[in-house]
Number of protein chains: 2
Amino acid sequence: MFSDLCDTVGMSAGSLRARVRSEMSLEIKEVARRRLAVDGGNLSLRAVARDMGIVASALYRYFPSRDALITALIIDGYEALGTAAADAQAAVPRDDLRGRWLAVCNAVRTWALAHPAEYGLLYGNPVPGYAAPNDTVAPATRVVLLLVDILVDGAERLEPVPTAVPERVRTDLRRLIDQQQQRDLPEERLDRVFIGWTHLFGLISFECFGRLDIMFEARAEYFDHHMALMADLAGIPR
Amino acid sequence: MFSDLCDTVGMSAGSLRARVRSEMSLEIKEVARRRLAVDGGNLSLRAVARDMGIVASALYRYFPSRDALITALIIDGYEALGTAAADAQAAVPRDDLRGRWLAVCNAVRTWALAHPAEYGLLYGNPVPGYAAPNDTVAPATRVVLLLVDILVDGAERLEPVPTAVPERVRTDLRRLIDQQQQRDLPEERLDRVFIGWTHLFGLISFECFGRLDIMFEARAEYFDHHMALMADLAGIPR
DNA sequence: AGCGAACGAGAACGGTGTTCTTGACCTCAG
DNA sequence: CTGAGGTCAAGAACACCGTTCTCGTTCGCT
């Protein structure tokens, strides 16, 4: 999206100017991520600029506003998270459905615990006054699509799942299936994916936001236990 | 906690001063809640003061800092949410276990959708630089305790639940059971309560933070569908 | 009746995001 | 090779923000 910006400003794509410009954008985001990790959710442009030995207004050459920078961080975050999950899954044999399911879940948890502030950006409170632009919805779907892939891949080996899904919910599911061109995915199976997806991020948010701190010590086992149950619900054989 | 403050400052408990003081505190919180509902997560003391026709520094007579005001709002929020859930459950016949379960879940969802900014305060990102004081943990447990109550009340009518719970998780559960003096609650049953509890807030956070907006239209049915499944998992008979 | 505490106003400090102007620099066309 | 135009960082400025402090005023209790 910011490469677009370069073009609109009238810089030829491969020019040296454009290269240092994009490197500068990368460094700004990198420093911002570090600040985010240190300070928590409130990102200060002036602090980022200070860390770079630069004045705050200079950042506006690269990002039109603080929200734009945050948006870029969010997109990068979704992509990093999606990549981490995809890589973890790729390391598991393709026919080990349960292994892939748990690998994805654990990768998401690991990434979230390693980048709590970024995770909060992605899955916590919407930033006030800030409406997530459409650019964020595509990267945001990567994790759930990974889960879908697992069930599509192993379709014939899955255990049957109850078909009782409320009619209007089934309609929504049908629409989503059509949008994603996954014609051979039954609604009740996608339903179970969404149940696992909801639970995955519900539990990680609880852990990441500190709600389990005083309750559970064996948080890794607790997480695996939950996600194994979700795999059961999705009909993934043991 | 702020009545304590009054005492420490040296005001006799029932005095007129103390009364107008506590009324003032109430009004500040009320105005702050309205601001929160309008502006979203970022609460501005100056805006609150402006709404009250008062100067910002005057607020410091009643709350020692912005964090303290937010803490008060959080505690009030937990209590309002807990009360809403308890009231909804009380309106259902005591032996209708599933009805009570769904009533609690729906009450939480309804409250969250009616007070999204407050819900974000309670269950979203931890406020940056702000560590939840211990005063908030007790009110925060009310909802899950309501769910526990349902299963304890109907213990003999519940369907059996798999006893396979990882050892270290079982230890955590055992400790929680002892802390809450619920000696007759099996670990695997409490486990299922926590699964439902996690899913409840996971799904509501998704909905409240807008993650379901473009995916599901039948959100109420979707929610009921999920929570009914959680009731199944907890062994609540149909 | 008078003392002292609580109060609200206001100024001040250091922080924030954002805008605008200014001057230096680089790149490319003539 | 020179000049024009675009890009850049800097800095001042503006309007906010939380917080602290000081200053009269007010008001309740003894």
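This is a predicted model, so every value here is computed, not measured.

**Some remarks on the interface of chain B and chain A**
Residue-level contacts link 49 residues of chain B with 48 residues of chain A. Roughly 4200 Å² is buried in total at the junction of chain B and chain A, and carbon and sulfur atoms are behind 66% of that figure. Inspection of the region where chain B meets chain A yields two salt bridges. Only helix H6 (116-123), helix H9 (167-179), helix H10 (187-208) and helix H11 (219-233) of chain B provide two or more residues apiece to the side of chain B that touches chain A. Among the elements that make up the side of chain B that touches chain A, the one with the highest residue count is H10 of chain B (eleven residues). Of the residues contributing to the side of chain B that touches chain A, the split by class is 29 nonpolar, eleven polar and nine charged.

**Topic: the protein's contact with DNA strand D**
Around DNA strand D sit 24 residues, and of these Ser57 of chain A together with Leu45, Arg46, Arg50 and Tyr60 of chain B come closest. Backbone sugar and phosphate groups make up 53% of those atoms of DNA strand D lying within 4 Å of the protein. The contact in question runs from a phosphate oxygen of DNA strand D to an N or O atom on the side chain of Tyr62 of chain A, over 2.9 Å. One of the backbone N or O atoms of Leu45 of chain B is found 2.5 Å from a phosphate oxygen in DNA strand D. When contributions to the surface near DNA strand D are tallied by element, the ones reaching two or more residues are helix H2 (16-39) of chain A together with helix H2 (16-39) and helix H3 (45-51) of chain B.

**Comments concerning the domain arrangement of chain A**
Residue and element names in this part refer to chain A. Domain boundaries assigned for chain A yield domain 1 (1-64) and domain 2 (74-233). Every contact between the two is made by six residues of domain 1 and, on the other side, six residues of domain 2. Overall, the association of domain 1 and domain 2 removes approximately 490 Å² of surface from exposure, summing both partners, and the carbon and sulfur fraction of that is 63%. Run the count over domain 1 and domain 2 and you get two salt bridges. One salt bridge connects Arg33 with Asp76, and the closest N-O pair in it is separated by 3.5 Å.

**With respect to the packing of helix H4 (residues 66-90) of chain A against helix H8 (residues 142-153) of chain A**
Residue and element names in this part refer to chain A. Between H4 and H8, the shortest axis-to-axis distance is 9 Å and the interhelical angle comes to 20°. Taken as axis vectors, H4 and H8 run roughly parallel relative to one another. In contact with Glu79, Leu81, Gly82, Thr83, Ala85, Ala86 and Gln89 of H4, H8 contributes Arg142, Val143, Leu146 and Ile150. Taken together, the residues of the contact of H4 with H8 break down into six nonpolar, three polar and two charged.

**Considering the state of the cysteines**
Here is the idea: a disulfide is a covalent bond, and it sits between the sulfur atoms of two cysteines. All chains considered together, the criterion is met by zero disulfides over all chains. Cys208 of chain A forms no disulfide, and the closest cysteine sulfur to it belongs to Cys105 of chain A, at a distance of 15 Å.

**Some words on the environment of Thr198 of chain A**
Note that Thr198 of chain A resides in helix H10 (residues 187-208). In the structure, Thr198 of chain A is positioned 98 residues away from Arg100 of chain A in sequence and 18 Å away in space, judged by C-alpha atoms.

**Some thoughts on the side chain of Ser205 of chain B**
Residues and elements named next belong to chain B. For Ser205, the location among the structural elements is in helix H10. Using a relative accessible area of 12% as the deciding quantity, one classes Ser205 as buried. Residues contacting Ser205, with those up to four places away along its chain left out, are Tyr119 and Tyr123.

**Looking at the packing of aromatic side chains**
All told, the structure shown has 20 aromatic pairs over all chains when counted by the stated rule. Consider the rings of Tyr123 of chain B and Phe201 of chain B, whose centres lie 4.2 Å apart with planes at 20°: the pair is stacked. Here Tyr123 of chain B, found in helix H6, pairs with Phe201 of chain B, found in helix H10; they are 78 residues apart in sequence, far enough to count as distant. Considered together, Tyr123 of chain B and Phe201 of chain B belong to a single accessibility category, that of buried residues. Counting every residue linked through ring pairs, the aromatic cluster contains Tyr78, Tyr119, Tyr123, Phe194, Trp197, Phe201 and Phe209 of chain A together with Phe206, Phe216 and Tyr222 of chain B.

**A short note on the pattern of salt bridges**
Residues and elements named next belong to chain A. For the structure on display, the rule yields 35 salt bridges over all chains. Here Arg183 ties to Asp178 by a salt bridge, and the two come within 4.0 Å at their closest N and O atoms. We classify Asp178 as partly exposed; its relative accessible area is 36%. Shared partners join several salt bridges into a network, and the residues in it are Arg170, Arg174, Asp178, Arg183, Glu187 and Glu188.

**What about the nonpolar core?**
Inside soluble globular proteins, nonpolar side chains tend to come together where they are buried. Formed by 151 residues in total, the largest nonpolar core has its most connected members in Phe194 and Phe201 of chain A together with Phe194 and Phe201 of chain B. Apart from residues no more than four positions distant in its own chain, Phe194 of chain A is found in contact with Val144, Leu173 and Leu176 of chain A together with Met215, Phe216, Tyr222 and His226 of chain B.

**Brief notes about the relation of the copies chain B and chain A**
At an RMSD of 0.1 Å, chain B and chain A line up after a rotation of 180° and a shift of 0.0 Å along the axis. Expressed as a symmetry operation, the mapping of one chain copy onto the other fits a two-fold axis. When C-alpha positions in chain B are compared against the rotation axis, the closest is assigned to Gly202 of chain B, at 1.8 Å. Residue by residue, 98% of the interface of chain B is reproduced at the interface of chain A, so both copies engage with the same surface.

Rules and cut-offs
Residues numbered from 1 in each chain as written. Chains lettered and ligands numbered in written order. Predicted model: local features only at pLDDT ≥ 70, side-chain atom pairs only at ≥ 80, totals over all residues. Heavy atoms only, no water. Contact = heavy atoms within 4.5 Å. Buried area = accessible area lost by both parts, 1.4 Å probe. Salt bridge = Lys/Arg side-chain N within 4 Å of Asp/Glu carboxyl O. Helix = DSSP H or I, 4+ residues; strand = E, 2+ residues; numbered from the N terminus. Nonpolar A, V, L, I, M, F, W, Y, C, P; charged D, E, K, R; others polar. Near = heavy atom within 4 Å. Polar contact = N/O pair within 3.5 Å; in protein donor to acceptor, adjacent residues only side chain to side chain. Domains from an automatic or database assignment. Axes fitted to C-alpha atoms, helices over the stretch in contact; angles between N-to-C directions. Parallel < 35°, antiparallel > 145°, perpendicular 65-115°, else oblique. Disulfide = S-S within 2.5 Å. Buried < 20%, exposed > 50% of the residue type's maximum accessible area, 1.4 Å probe, protein only. Phe/Tyr/Trp six-rings, centres within 6.5 Å; stacked < 30°, edge-to-face > 60°. Core = buried A, V, L, I, M, F, W, Y, C linked by side-chain atoms within 4.5 Å. Least-squares fit on C-alpha atoms with pLDDT ≥ 70 in both.

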